[in-house]
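Structural description and commentary
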Amino acid sequence: MKAIARFFLSLKTAFWLFFVFIVFAFIGSVVLPNNLAFFSGIDDTPLFRWLSDSGNLKLTWWIYAMILMLALLAVSTIFCTIDGTIKGLNSRNLILKLSPQVMHLGVLFIMLGHLLTASIGFKTDMRIKEGEKKVVAGEIELYLEDVKVQTDKQGYYTDWEAKLWWFENGEKVKEEVLRPVHPLYFGQFGLYFKSVSIEPEPSALIRVCRDPGALWALIGGVFLSIGGLGFVYGRFSA
Amino acid sequence: MALFELSEEGRSLLTIFLILIPTALYIMGLMEGKKGYWLFLSGIFFHILSIVLRGVEIGRIPLTEKHDNISFMALVMAFVYWYFYSRQGLKNLGIVALPLLSIFMFVSLAFKPINTISPFLKSPWFYLHIFFYFIGYAFFGISACIGVYYLLNGKGEYELLQYKGIIHGWIVFSISLVAGSIWFFVAYGTYWLWTSKELWTTLVWFYYGLYLHARFIRGLRGRPAAVLGILGFAVALFAYFGVGTVIPSPPTQF
C-alpha cells in the first residue's frame, strides 16, 4: 500500500502521466480530422455508448488511452490532494498552501462531470416545422410556432427565435421563446436552438439534452477558478 | 455603426494605420533610457485607442475574430512586459519581448477584420472566455521571453520570474476554459466537443500543467524548466494558428 501511495504521490508519476496524456491527445488531434466520416456522430451520443457502438479499436484506441491516463491522473490527484491538505493545514499561509488543493478538487469534479456526461447523458437533435407537435425522448411534447429571423444586408441570418409550447399529458404547461444562446430548461431537459430554416417552410433544429455531468463540471470549474484566484491572492499577500 | 464615412479601401487603410502606429512606437521603445520608455508607453496609448475605435466601429467589444484577438493579446503582452520591466526590474527584457509583440501586431494585419457576428457568440460567457484566454496567452508569451532572457544570461531569479508568469497565465487560462465551457453549454448543450481545436486547447492546459509539476522535480529546475516554458508558448501558438491550417479542424455541425 505504501509503495502504491509513494508511486501516486510522486511528482515524476504526475509528470509522465501528463506527458503520455499529451501524446495521446496529439495523436487524437491527427486521427480525428482524417476520419471525419467515422467520427461524425461522436458529439451526438454519450461517449461510452458511441465507443461501444463504433467497435473500431483501430481508430478509437487513443480515446481509451486518454481515459486510462485521466483515471490514473485522478488517482494521483486524490493522493496528492489528501497529502497536500494535511501538510497545508499546519502552514502559516493557509490560502497559499490550500488553494492548489482546491484546484485539484476542481479538476476531480470536472473529471467526474465528464464521466457522468459520457456514461448517462442524453442528446438528440430534432427538426420541428412551424405548427408541428413532436414528442421527444418519450417524455417531452413540444409545439413550435412563430419562427422569426433577422437578416443582414447580404441576407445572412443574424438572429432568430421561435415560440415553443410545452405539453404534459396533452395539456399546455408553458409557452416560452427560444433563441440562440438562451436555452430553455424543462425539468431535466435543456432545449437549444441550433439552427433555423425558412425555406421550404419555417422550421427549427433543436437540440434536446439531459446532462447530469454538467453540474459537476460546473462545480469543478468554480473550484478550479476559486483555487487559482486564491493562489494568486496567497502569493501577493505572502 | 460606421465610424467614418469611408470606402472599403479607406477602412482597410485606416485599420493598417491604427495597427502600424503603436507597432512603430513599440519598436522605438527599444531605444535606451527614458525616451524609449515613453515611446513604449505612447505605443500602449495608441494601441488602446485603436482597439477602442475598432469597438466603436463594430458596436461591440472587438474580441470575436482573429484580427482583434491578436491585437488584444499584443496589448496585454505590452502590459505584462511593462509590469516585469517596471516592478521586477527586467530592464533589458524589451530586446526579446518588444519585437515579439510587434510581430503579433503585424500578424493581426494578416487577418481581415470581420464586422458581422454569429448569434451564438452574443454571450457574456463567450467574451469572458476570449478575454481571459488571451490574457493567459499574453502571460505565456512574456514568460517565454523571460525564459529566453534567462537562457541568455543565466541568472536564476529570471527563471523564477518565468515560473511566476506562467503560473499566473495558467490560472487565467484555466478560468477562460471554464468560461468557455459555460458558454458552449449555454449555446449548444455540451461543454466538450471532439475536434482538433478542443484537443489542442486541452493539450495546452495539460502541457503547462506538466511544466508546473516538472519545475518541482529535482534535475528539471533551471535550464530544462526554462526550455519547457518556452516550448509551452510554441505549443500554445500552434494550438491557435496551426490547428485549422497545419492540422485540419473542419467546422463541425456546430
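Each value, and the rule that gives it
Residues numbered from 1 in each chain as written. Chains lettered and ligands numbered in written order. Predicted model: local features only at pLDDT ≥ 70, side-chain atom pairs only at ≥ 80, totals over all residues. Heavy atoms only, no water. Helix = DSSP H or I, 4+ residues; strand = E, 2+ residues; numbered from the N terminus. Rg over C-alpha atoms; globule rule 2.2 N^0.38 Å. Buried < 20%, exposed > 50% of the residue type's maximum accessible area, 1.4 Å probe, protein only. Contact = heavy atoms within 4.5 Å. Areas by Shrake-Rupley, 256 points an atom, 1.4 Å probe, with all protein chains shown as cover. Lys, Arg positive; Asp, Glu negative; His and termini not counted. Charge placed at Lys NZ, Arg CZ, Asp CG, Glu CD. 1 Å grid on protein atoms, 1.4 Å probe; cavity = no way out; pocket = protein on both sides within 12 Å on 5 of 7 lines; lining within 4 Å. Points joined across faces, edges and corners; volume = space filled by probe spheres on them. Nonpolar A, V, L, I, M, F, W, Y, C, P; charged D, E, K, R; others polar. Domains from an automatic or database assignment. Buried area = accessible area lost by both parts, 1.4 Å probe. Salt bridge = Lys/Arg side-chain N within 4 Å of Asp/Glu carboxyl O. Polar contact = N/O pair within 3.5 Å; in protein donor to acceptor, adjacent residues only side chain to side chain.

Here we come to the overall build of chain A. For chain A, the count of helices and strands is seven helices and eight strands. Over its C-alpha trace chain A gives a radius of gyration of 23 Å, far above what one expects of a compact globule, namely 18 Å for 238 residues. In terms of overall dimensions, chain A has a C-alpha envelope of 65 × 45 × 45 Å along the principal axes. Expressed as a percentage of the 238 residues in chain A, the buried residues total 42%. The long-range fraction of contacts in chain A, counting pairs at least 24 apart against all pairs at least 6 apart in sequence, stands at 51%.

Let us look at the overall build of chain B. Each helix and strand in chain B was counted, giving eight helices and zero strands. Element order for chain B, N to C, with α for helix and β for strand: α-α-α-α-α-α-α-α. At 19 Å, chain B has a C-alpha radius of gyration in line with the 18 Å of a compact globule built from 254 residues. In terms of its C-alpha atoms, chain B occupies a principal-axis envelope of roughly 55 × 50 × 30 Å. Within chain B, buried positions represent 57% of all 254 residues. A sequence separation of at least 24 residues applies to 78% of the contacts in chain B between residues at least 6 apart. Element-wise, carbon and sulfur atoms account for 70% of the exposed surface of chain B, whose accessible area totals about 10,600 Å². Charge separation in chain B, taken as the distance between the mean sites of 17 positive and 10 negative side-chain charges, equals 12 Å.

Of the pockets and cavities examined, the second largest pocket occupies roughly 1,100 Å³. Forming the walls of the second largest pocket are 33 residues, and the residues nearest its centre are L11, P100, Q101 and H104 of chain A together with H213 of chain B. Put simply, the parts of the chain that give the lining of the second largest pocket at least two residues each are α2 (11-31), α5 (57-89), α6 (94-120) and α7 (214-237) of chain A together with α6 (156-188) and α7 (196-214) of chain B. Along the lines of polarity and charge, the residues of the lining of the second largest pocket split into 20 nonpolar, nine polar and four charged.

You'll often see interface size given as the accessible area lost when the parts meet. Residues and elements named next belong to chain B. When the domains of chain B are assigned, the result is domain 1 (1-117) and domain 2 (120-254). With centres defined by C-alpha atoms, the gap from domain 1 to domain 2 works out at 21 Å. Every contact between the two is made by 25 residues of domain 1 and, on the other side, 24 residues of domain 2. Among the residues of domain 1 in contact with domain 2, M73, L90 and I117 are the three that bury the most area, contributing 20% of the side total. The tally of links between domain 1 and domain 2 comes to zero salt bridges. Between the two partners, domain 1 and domain 2, sit one residue pair in polar contact (both at pLDDT 80 or more). Looking at the side of domain 1 that touches domain 2, the elements with two or more residues in it are α3 (66-86) and α4 (94-109).

Residues and elements named next belong to chain A. A full pass over the atoms with the stated rule returns 12 salt bridges over all chains. Residues D44 and R207 are paired through a salt bridge, measuring 2.7 Å at the closest nitrogen-oxygen approach. One end of the pair, D44, is in the loop between α3 (36-39) and α4 (47-54); the other, R207, is in strand β8 (residues 203-210), with 163 residues separating them in the sequence. Of the residues examined, R207 reaches a relative accessible area of 0% and is grouped as buried. Note that K129 and E201 form a salt bridge whose closest N and O atoms lie 3.7 Å from each other. With K129 in strand β1 (residues 122-129) and E201 in the loop between β7 (189-197) and β8, the pair connects residues that are 72 residues apart, well separated along the chain. When its relative accessible area of 36% is taken as the criterion, E201 is described as partly exposed. By sharing partners, the salt bridges in this structure join D44, D125, K194 and R207 into a single network.

What follows is about the interface of chain A and chain B. Between chain A and chain B, the residue contacts involve 61 residues of the former and 47 residues of the latter. Between chain A and chain B, the buried area comes to about 4,500 Å², and carbon and sulfur atoms account for 76% of it. There are zero salt bridges connecting chain A and chain B. The interface formed by chain A and chain B includes seven residue pairs in polar contact (both at pLDDT 80 or more). With 13 residues, α2 of chain A is the largest single contributor of residues to the side of chain A that touches chain B. A breakdown of the residues in the side of chain A that touches chain B according to their chemical character gives 38 nonpolar, 12 polar and 11 charged.

Let us now look at the domain arrangement of chain A. Residues and elements named next belong to chain A. Assigned domains within chain A: domain 1 (2-121 + 214-237) and domain 2 (122-210). The C-alpha-based centres of domain 1 and domain 2 are spaced at 34 Å. The partner domain 2 presents five residues to the six residues of domain 1 that form the contact. Looking at the side of domain 1 facing domain 2, the largest losses of area belong to D43, D44 and G121, adding up to 72% of the total buried there. Seen at the junction of domain 1 and domain 2, the total is one salt bridge. Summed over the shared surface of domain 1 and domain 2, the result is two residue pairs in polar contact (both at pLDDT 80 or more).

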